[in-house]
Amino acid sequence: MTSGSLAEGRTPKRLIVVGSGIAGLYSALLAAEAGVEVVLLTKGALADSNTYYAQGGISAVLDEPAPGDTVAAHIADTLKAGAGHCNEEAVRVLCTEARLDIAGLGRFGVQFDLDDDGDPALGLEAAHSAPRILHAGGDATGAGVAAALIRAVLDAQAAGRITVIGHAQVTSLSLDGARVMGCSFIHDGQELGLQADAVLLATGGAGQLFAQTTNPSVATADGLALAWRAGAAVADLEFFQFHPTCMVIPAEAREADGNNEPLLISEAVRGEGAILVDAGGHRFMPGYHPDAELAPRDVVSRSIALHLAQLGDPNGHVFLDATVIEEQRGQGFLARRFPTLSKRTRQAGVDWTRQLVPVAPAAHYWMGGVVTDLYGRTSVPGLLAAGEVACTGVQGANRLASNSLLEGLVFGRRAVEAFLGSTNGVPLRANSAAGGLAFTHAAGSPPADQEDAGSHATTALSGPPASPVTSVFEMDAIPVPISWEFESLPGPGARETSFGHAGVFSRQALRRLMTAKAGVLRTGGLLAEAAEVLGSWEGEVVPLEVPDSLDPREHEDSNLLLAAQLLVHAARERRESLGAHYRSDGVKEPAAVEDFDKRYTMSRKASLVND
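In this text, all values refer to a predicted model and were calculated from it rather than measured experimentally. Residue numbers run consecutively from 1 along every chain, following the written order of its sequence. Reporting in this predicted model follows two pLDDT cut-offs: at least 70 for local features of residues, and 80 or more for side-chain atom pairs to be given and counted; totals over whole chains, interfaces and linings ignore these cut-offs and use all residues. Where side-chain values are given, they derive from all heavy atoms of the structure, hydrogens and water being excluded.

(A) Spotlight on a negative patch on the surface. Think of a patch as exposed residues, more than 30% relative accessible area, with no salt bridge, where like charges cluster within 9 Å and nonpolar side chains (Val, Leu, Ile, Met, Phe, Trp, Tyr) cluster within 5 Å. For the accessible areas, the method is Shrake-Rupley and the probe is 1.4 Å, while residue cover comes only from the protein chains on display. For this analysis, a salt bridge means a side-chain nitrogen from Lys or Arg found within 4 Å of a carboxyl oxygen belonging to Asp or Glu. Under the counting rule used here, the positive set is Lys and Arg, the negative set is Asp and Glu, and His together with the chain ends is not counted. By convention, the charge on Lys lies at NZ, on Arg at CZ, on Asp at CG and on Glu at CD. A cluster of acidic residues, Glu64, Asp115, Asp116, Asp117 and Asp119, forms a negative patch at the surface. The way it works is that DSSP assigns letters per residue, a run of H or I at least four long becomes a helix, a run of E at least two long becomes a strand, and they are numbered from the N terminus. Residue position: aspartate 119 is located in the loop between α4 (88-107) and β4 (122-123).

Shown next, in the form of C-alpha cells:
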C-alpha cells in the first residue's frame, strides 16, 4: 500500500496524533485523507518541533538516482553507520519505500530544490556513498517541509477533517484494561480528556537532557515518558547521537535577536568540503578516521572530544573551516547554498567566508525510544509511535545523516496503515522491528522458543502502567509486578571523582550532570555517579508518576528525569562501546574508530535490577 491508497480497508473512528513534526503532520494528513477523524495535539505551536530546525535534508534513492546510486547502496550505508545493530528488515523497508513518501510529500505541497536541468538537486552527506540528499530551501529543509505540511493540516482543519489543539501538554495515556483508549492533557490551565480508537505518539526526542543541544526547548522526552508509564517497552536508550558541529556562540552574540538557540552547522557543509581544525590550525580528523570529516557522526563527535582532551581543553571547541568551499566553488557560493547559516553566523559575529567557525558536539538525536514493529505498533495495544520517539531498529547504534526525517515519513505512514487495518503484519512480539524480545515489567524470563530469536543485543525496558486520571475517565489501575527498579546508589566497583553534593533539582543541574557523566565520553564510574544523583532527585520530581499539577513545566521535569534515569541505566548495562555509545573503560585501547561492520551481540536479560 502506498501513501496514495490509504483509504482501502476498515476506517476506525478517531486517531489522536501527539506531536507536530514530520511524522505527526504527515500521518495526520494521511489518516484524514482516508476518512479518519483526526485530533492533532501539539504542546506548542505547530512549528515547534525538531523537524522545523532540520537543515541537512531527506535521504532517498529516487526513480532517477545519482549515477551509480542504488537502493542496495542506501541500505548498505545505513547498516554500516548503525554499527551492526540495525534491524535489516526495517532498513530495507525504509530505503525501498523512501521514494513513495517523497512523492507523498509532493502531494501535500512540499517542493524540493532543483538543479540547473530541473531535476532534483541531490547532495552528498557524511557516510553516504552517493549523492541522495533532497533539500528544500538550501539549508532550511526542515522548515520548508514543515511549512508545507502545516499549510496542508490547516487546510484540512478548515475543511473539518482534522482538529488541531495547540499548547496542549499531554500528561498521561488512558487505559481501558491493557489497551490505550485516549489521553489526558493540559490546555488553558485545565486538565481535559479525549477518547480515541488509538493514540499515535510523534513527540520527537529529548535533547534538553544535555547542556548543548540542537533541539528546540520542546524536546523533553514527553512521548517516551508517556509510553513508559503506560507499560510500553523501550529500547536502545544508550545510543544518543551528538552532532559534531554545533556553533559555539559567544555570550554577547547569544543575547542578540535570533541567537537564543544553539546553531547546528549542517552535515552538508562538510559534504561540500569544509574541514575541521584545532586552535593551532591543524586538520586532525584524518588521524582519527580514513573518511576524515565525512566519517559517521559519532566518530566525528568522539574524535573532537578525544582531540580536545589530548590538548588539555576537554570543555573547549574546535573550528570548522568553510573558507575552502568559497575558494573552490567561487564567491557567493556559501550564501546561495546555505542562506540560513550564512545569516545566522553573521548574526553571531562570524563571516564564515573569511573566518573559522567555533564548533563543539551537541546532543542531536536519540536512536532509542519506544519499541515498535514495522508498522509503528508498540507493545501496548492501541498505542502507536513514529519518528524519533520510536525505536524501529532502523537507526541502529548510530543514525545515518538525513535518515531521520525519512524514518518519520515511512513509518508514520505505516502506522496509519496499521491503524486502518490494511496490513497483514504479525503481532509485535513476533516481529519487533527493534530486534529481539522486548522485555517488559510483566515479561519475566522469555519462553524457551524465544530465547534465541533475533540477532541484536537490544536492551528493552518498560515501566508500570500510568496512574489513572479518575476525574476524566474513572478507570482503575491495573496492578502489575515490576521486574526491576532504579538504583538509588551506584553499584559495586571503582568510583571516579565524586560529582559532589547533588543539591536541589533544576533543569540546568540535570543538563550539566548528563553532559558531564553521560555525554560523548562515558565510563562506568561516571555513569554510576550520574545514577546516584538522579536517584537523589526522585523525592522532588517523582519521575515514575504523573505529577499532580497543571503546570506543564513540572510534567516536563518529571519526563526529563525519567528519561535521564532510563538512559543512564541502559548505558550502564552496555559495558562495551558500540556506535554512539562510547565507554572508554569498555575497550583495552581507547580509540575513536570502531569496526562498523562488526555484528554486535550480547545476551538478553529478563531482569535488569542489578549490574
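Moving on from the model shown.
(B) The environment of alanine 127, seen in detail. Mapped onto the elements of the fold, alanine 127 is located in the loop between β4 and β5 (133-134). A 1.4 Å probe rolled over the protein chains alone gives each residue an accessible area, and that area as a share of the maximum for its type sets the label: buried under 20%, exposed over 50%, partly exposed in between. Of the residues examined, alanine 127 reaches a relative accessible area of 23% and is grouped as partly exposed. Through-space distance from the C-alpha of alanine 127 to that of glutamate 293 is 9.6 Å; in sequence the pair is 166 residues apart. Residues contacting alanine 127, with those up to four places away along its chain left out, are Asp77, Leu294, Pro296 and Leu400. Contacts are residue-level and defined by heavy atoms, with any inter-residue pair within 4.5 Å sufficient.

(C) Local environment of the side chain of threonine 214. Along the chain, threonine 214 turns up in the loop between β10 (198-201) and α6 (222-229). Residue threonine 214 is classed as buried on the basis of its relative accessible area, which comes to 11%. In protein, a polar contact means a hydrogen-donor-capable atom and an acceptor-capable atom, both N or O and within 3.5 Å, with residues adjacent in sequence counting only if both atoms are side-chain atoms; elsewhere, any N or O pair within 3.5 Å suffices. Of note is the side chain of threonine 214, whose polar atom sits 3.4 Å from the side chain of asparagine 215.

(D) Just the pattern of salt bridges, in detail. Scanning the entire structure with this criterion turns up 23 salt bridges. Across the salt bridge formed by arginine 99 and aspartate 63, the nearest N and O atoms sit 3.0 Å from each other. Linking arginine 99 in helix α4 with aspartate 63 in the loop between β3 (58-59) and α3 (71-81), this pair joins segments that are 36 residues apart in sequence. We classify arginine 99 as partly exposed; its relative accessible area is 28%. The partner of glutamate 97 in a salt bridge is arginine 413, and the shortest N-O contact between them spans 2.8 Å. With glutamate 97 in helix α4 and arginine 413 in helix α13 (residues 404-419), the pair connects residues that are 316 residues apart, well separated along the chain. For glutamate 97, a relative accessible area of 15% puts it in the buried group. Its relative accessible area of 1% is what places arginine 413 among the buried residues. Put simply, Lys43, Asp222, Arg507, Glu556 and Asp557 are held in one network by salt bridges that share partners.

(E) Representation of the sheet that holds β4 within the structure. Any two strands with at least two DSSP bridges between them are considered paired. One open sheet holds the three strands; their spatial order is β3-β5-β4, and the pairing between them is antiparallel. Both outer strands of the open sheet, β3 and β4, are each paired with one neighbouring strand and no more.

(F) Structural context of empty space enclosed by the protein. Method remark: on a 1 Å grid restricted to protein atoms, a set of points is classed as a cavity if a 1.4 Å probe fits but cannot get out and as a pocket if it is open with protein on both sides within 12 Å along at least five of seven lines; lining residues have an atom within 4 Å of a point. Grid points are joined across faces, edges and corners, and a volume is the space filled by probe spheres set on the points. One pass over the structure, following the stated rule, counts eight cavities of 30 Å³ or more. Roughly 690 Å³ of internal volume is contained in the largest cavity. Together, 48 residues line the largest cavity, and Ser49, Asn50, Thr51, Gly204 and Glu388 are the ones closest to its centre. Here the nonpolar group is Ala, Val, Leu, Ile, Met, Phe, Trp, Tyr, Cys and Pro; Asp, Glu, Lys and Arg are the charged ones; every other residue, Gly included, is treated as polar. In terms of residue class, the lining of the largest cavity is made up of 17 nonpolar, 23 polar and eight charged.

(G) Just helix α1 (residues 22-33), in detail. Expected span of a helix: the number of residues minus one, times 1.5 Å. Between the first and last C-alpha of α1 there are 16 Å, a value that for twelve residues agrees with the 16 Å anticipated at 1.5 Å per step. α1 sits mainly inside the fold: eleven of its twelve residues count as buried. Every buried residue of α1 is accounted for by Ile22, Ala23, Gly24, Leu25, Tyr26, Ser27, Ala28, Leu29, Leu30, Ala31 and Ala32. Of the residues trailing α1, glycine 35 is marked for its positive phi of about 95 degrees.

(H) Up close: the packing of α3 against α4. For the pair α3 and α4, interaxial distance at closest approach is 9 Å and the crossing angle is 140 degrees. Relative to α4, the element α3 is oriented oblique. Every pair of crossing elements has a handedness; the one defined by α3 and α4 is right-handed. Here Val71, His74, Ile75, Thr78 and Leu79 of α3 come into contact with α4, specifically with Glu88, Val91, Arg92, Cys95, Thr96 and Arg99. Looking at side-chain class alone, the contact of α3 with α4 contains five nonpolar, three polar and three charged residues. Between N-to-C directions, angles cover 0 to 180 degrees, with each direction set by a line fitted to C-alpha atoms, over the stretch in contact for helices. Working rule for angles: under 35 degrees goes down as roughly parallel, over 145 as roughly antiparallel, 65 to 115 as roughly perpendicular, anything else as oblique. Crossings are classed by handedness, with left-handed meaning an anticlockwise turn of the near helix from the far one by less than a right angle and right-handed meaning a clockwise turn.

(I) Region of interest: the sheet that holds strand β7 (residues 169-176). Spatial strand order, β7-β8-β9: three strands in an open sheet with antiparallel pairing. Single-partner strands in this sheet number two, and they are β7 and β9 (190-195). Strand-to-strand twist of the sheet, defined as the mean angle between neighbouring strand axes without regard to direction, takes the value 25 degrees. In the sheet, β7 pairs with strand β8 (residues 179-187) via seven bridges, with the strands oriented antiparallel. Among the inter-strand pairings, serine 172 is bridged to a residue of β8, identified as serine 184.

(J) The arrangement of the confidence of the model for the protein chain in detail. Known as pLDDT, the predictor's per-residue confidence is scaled from 0 to 100. Here the protein chain averages 82 in pLDDT, while 79% of its residues score no lower than 70. Between residues 425-500, whose pLDDT stays under 50, and residues either more than four places distant or in other chains, the model counts 202 contacts.

(K) Up close: unusual backbone geometry. With a phi angle near 55 degrees, aspartate 188 is a residue other than glycine that sits in the positive phi range. Mapped onto the secondary structure, aspartate 188 falls in the loop between β8 and β9. Residue aspartate 188 is classed as exposed on the basis of its relative accessible area of 66%. The phi angle at valine 542 is positive, at roughly 55 degrees, despite the residue not being glycine.

(L) A look at the side chain of histidine 74. The topology assignment puts histidine 74 in helix α3. Beyond its immediate chain neighbours, meaning those up to four positions away, histidine 74 contacts Ser59, Ala60, Val61, Cys95, His128, Arg132, Leu400, Asn403 and Leu406.

(M) Examining the layout of surface pockets more closely. Roughly 810 Å³ of volume is contained in the largest pocket. Every residue lining the largest pocket is counted, 25 residues in all, and those nearest its centre are Pro314, Asn315, Thr515, Ala516 and Val520. Per-element accounting of the lining of the largest pocket gives the leading share, four residues, to strand β16 (residues 357-366). In the lining of the largest pocket, the residues fall into 16 nonpolar, seven polar and two charged.

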